Amino acid sequence: MRRIAVLNQKGGVGKTTTTVNLAAALAARGRSCLVMDLDPQAHATLHLGLTPGRSGPTMYDILTQNTPITQVQREVAPNLWMCGGHIDLAAAEVELIGSVGREVILHDAIAAEAEALARHDYLLIDCPPSLGVLSLNALCAVREVLIPLQAHFLALHGLSKLLETVGLVRKRVNKELTILGVVLCMYESGTRLSSEVIDDLETFFQAKRQPNSAWADAKLFQTRIRRNIRLAESPSFGQSIFQYAANSRGAEDYASLASELETGQPDDLWRGSNDLAQPVIDAG
Ligand code: ADP
Ligand code: MG
């Protein structure tokens, strides 16, 4: 099972949208995907059509009650499984403060059921917008970190802190942890700002990329997730973009991201730089 945390301590950058729709795209490619919603806001849970707390036990029970993951996961669509989030996760952050090894609870829960969970090809974890104990649990439980970033002028702000946290977890707890890469979300092609952010990001990558660091093989995904109104609409219908608007640009982009994740190559649309061919904002 390939384990990936979708993390950026900033809110509103596209973590949940990416977790849900990348998982749905991978499921459409025939891969079994388990999504874990570690955000107390439980947006990923709603996005996939579950009502937080009304669909049985949640991530809160895994972290605080030792409930096995296999008793929490629900199949929400073909090949797509979910361990839901719950507002109580906000309390878990505090409840766990006194307990020893609190960062590795999720890691241990996965290890305890490794055999049963091996039916899945992917685990994708949607993290809350903070670097607290919930995100640390994700970082200790996965092997890879995917960072969604919005190409605006403060995009890189906070990235150093994120890298530092990932580096510390790698050094102290999870030696396998690496940063898979950055995916640009809500991308508006053709704007000067976007190309400036990409330049900055590449410079930043170069400066940080030391051998044997978590960042050594990080890449900037060629697939960029364009701003697309359908992506913003689909959560309120409890549907992934592939259920809600299979022919939208949002669906195209997440299908391409899944392709790039698995094969190293984006879909044809995204091969090479087609920046100029894309409208700045699109509604379709
Ligand atoms: P995060 O989980 O990082 O807080 P979200 O994925 O919830 O971010 O995205 C923040 C908001 O932006 C949500 O309302 C979401 O529907 C919207 N959104 C995300 N990606 C796009 C996109 N590519 N185009 C348009 N709206 C988007
Ligand atoms: Mg979110």
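Residues numbered from 1 in each chain as written. Chains lettered and ligands numbered in written order. Predicted model: local features only at pLDDT ≥ 70, side-chain atom pairs only at ≥ 80, totals over all residues. Heavy atoms only, no water.

The name an unreviewed UniProt entry assigns to the chain is Cobyrinic acid ac-diamide synthase, from the organism Isosphaera pallida.

Summing up its helical and strand segments, the chain has 13 helices and eight strands in all. Its C-alpha atoms give the chain a radius of gyration of 18 Å, near enough to 19 Å, the size a compact globule of 284 residues would have. Structurally, the chain occupies a C-alpha span of about 50 × 40 × 30 Å along its principal axes. Taken as a whole, the chain presents about 12100 Å² of accessible surface, with 51% of it coming from carbon and sulfur. Each charge class in the chain can be summarised by its mean position, and for the 26 positive and 31 negative side chains these summaries are 3 Å apart. (Helix = DSSP H or I, 4+ residues; strand = E, 2+ residues; numbered from the N terminus. Rg over C-alpha atoms; globule rule 2.2 N^0.38 Å. Areas by Shrake-Rupley, 256 points an atom, 1.4 Å probe, with all protein chains shown as cover. Lys, Arg positive; Asp, Glu negative; His and termini not counted. Charge placed at Lys NZ, Arg CZ, Asp CG, Glu CD.)

Below, the discussion takes up the site of ligand 1. Taken together, 14 residues sit near ligand 1, with Gly 12, Lys 15, Thr 16, Thr 17 and Asn 228 positioned nearest. A distance of 2.7 Å is found between an oxygen atom of ligand 1 and a backbone nitrogen or oxygen belonging to Gly 12. Arg 226 is positioned such that a nitrogen or oxygen atom in its backbone is 2.9 Å from a nitrogen atom of ligand 1. For ligand 1, whose free accessible area comes to 560 Å², the fraction covered by protein is 79%. When residues in the shell around ligand 1 are grouped by element, the largest group, three residues, is from helix H1 (residues 15-28). Partitioned by chemical class, the residues of the shell around ligand 1 number five nonpolar, six polar and three charged. (Near = heavy atom within 4 Å. Polar contact = N/O pair within 3.5 Å; in protein donor to acceptor, adjacent residues only side chain to side chain. Nonpolar A, V, L, I, M, F, W, Y, C, P; charged D, E, K, R; others polar.)

Before going further, it helps to spend a moment on the state of the cysteines. All told, the structure shown has zero disulfides when counted by the stated rule. Distance from the sulfur of Cys 83, which forms no disulfide, to the nearest cysteine sulfur (Cys 33) is 13 Å. For Cys 83, a relative accessible area of 0% gives the class buried. Not engaged in a disulfide, the cysteine Cys 185 finds its nearest cysteine sulfur in Cys 127; these two sulfurs lie 14 Å apart. Assessed through its relative accessible area of 2%, Cys 185 is described here as buried. (Disulfide = S-S within 2.5 Å. Buried < 20%, exposed > 50% of the residue type's maximum accessible area, 1.4 Å probe, protein only.)

With respect to topology, eight strands assemble into an open sheet ordered E3-E4-E2-E5-E1-E6-E7-E8, the strand pairing being mixed. The open sheet terminates on both sides in strands that have one partner only, identified here as strand E3 (74-77) and strand E8 (219-220). With respect to the sheet, H1 is in contact with strand E1 (2-6), strand E2 (33-37), strand E4 (80-83), strand E5 (122-126), strand E6 (144-150) and strand E7 (178-185), its orientation differing from that of E5 by roughly 165°. (Pairing = 2+ DSSP bridges. Contact = heavy atoms within 4.5 Å. Axes fitted to C-alpha atoms, helices over the stretch in contact; angles between N-to-C directions.)

So, on to the packing of aromatic side chains. Tallying each qualifying case throughout the model produces two aromatic pairs. Here the aromatic rings of Phe 204 and Trp 215 are separated by 6.4 Å at their centres, their planes lie at 85°, and the arrangement is edge-to-face. Taken together, the positions of Phe 204 in helix H10 (residues 192-208) and Trp 215 in the loop between H10 and E8 put the pair eleven residues apart, joining distant regions of the chain. Classification of Phe 204 as buried rests on a relative accessible area of 15%. Overall, the relative accessible area of 3% leaves Trp 215 in the buried class. Pairing Phe 237 with Tyr 244 gives two aromatic rings, centres 4.9 Å apart and planes at 25°, and the pair type is stacked. By relative accessible area, Phe 237 is classed as exposed at 51%. In this arrangement the basic side chain of Lys 219 is found over the ring face of Phe 221, its NZ or CZ atom lying 4.7 Å from the centre. (Phe/Tyr/Trp six-rings, centres within 6.5 Å; stacked < 30°, edge-to-face > 60°. Lys NZ or Arg CZ within 6 Å of the ring centre and 35° of its normal.)

With that settled, the discussion passes to the environment of Asp 121. Looking at the secondary structure, you find Asp 121 in the loop between helix H7 (114-117) and E5. Each C-alpha atom of the pair Asp 121 and Gly 30 lies 9.4 Å from the other, and the pair is 91 residues apart in sequence. When neighbours within four sequence positions are excluded, Asp 121 is seen to be in contact with Met 1, Arg 2, Gly 30, Arg 31 and Ser 32.

Before going further, it helps to spend a moment on the pairing of E6. Note on strand geometry: in a regular strand, side chains alternate between the two faces of the sheet. Counting buried positions along E6 yields seven of seven residues, so the element is predominantly enclosed. Side chains Glu 144, Leu 146, Pro 148 and Gln 150 of E6 all project onto a buried face; the interleaved residues Val 145, Ile 147 and Leu 149 project onto the opposite face, where all are buried too. Direction of pairing for E1 relative to E6: parallel, over a ladder of three bridges. By the bridge assignment for E6, Ile 4 is matched with Glu 144. Bridging between E6 and E7 involves seven bridges; their strand directions are parallel. Considered in E7, the bridge of Gln 150 is made with Cys 185.

Given a rise of 1.5 Å per residue, 17 residues ought to cover 24 Å, and the 24 Å separating the end C-alpha atoms of H10 matches this to within 8%. In this structure, the buried residues of H10 make contact with E6, helix H9 (159-172), E7 and E8. (Expected span 1.5 Å × (residues − 1).)

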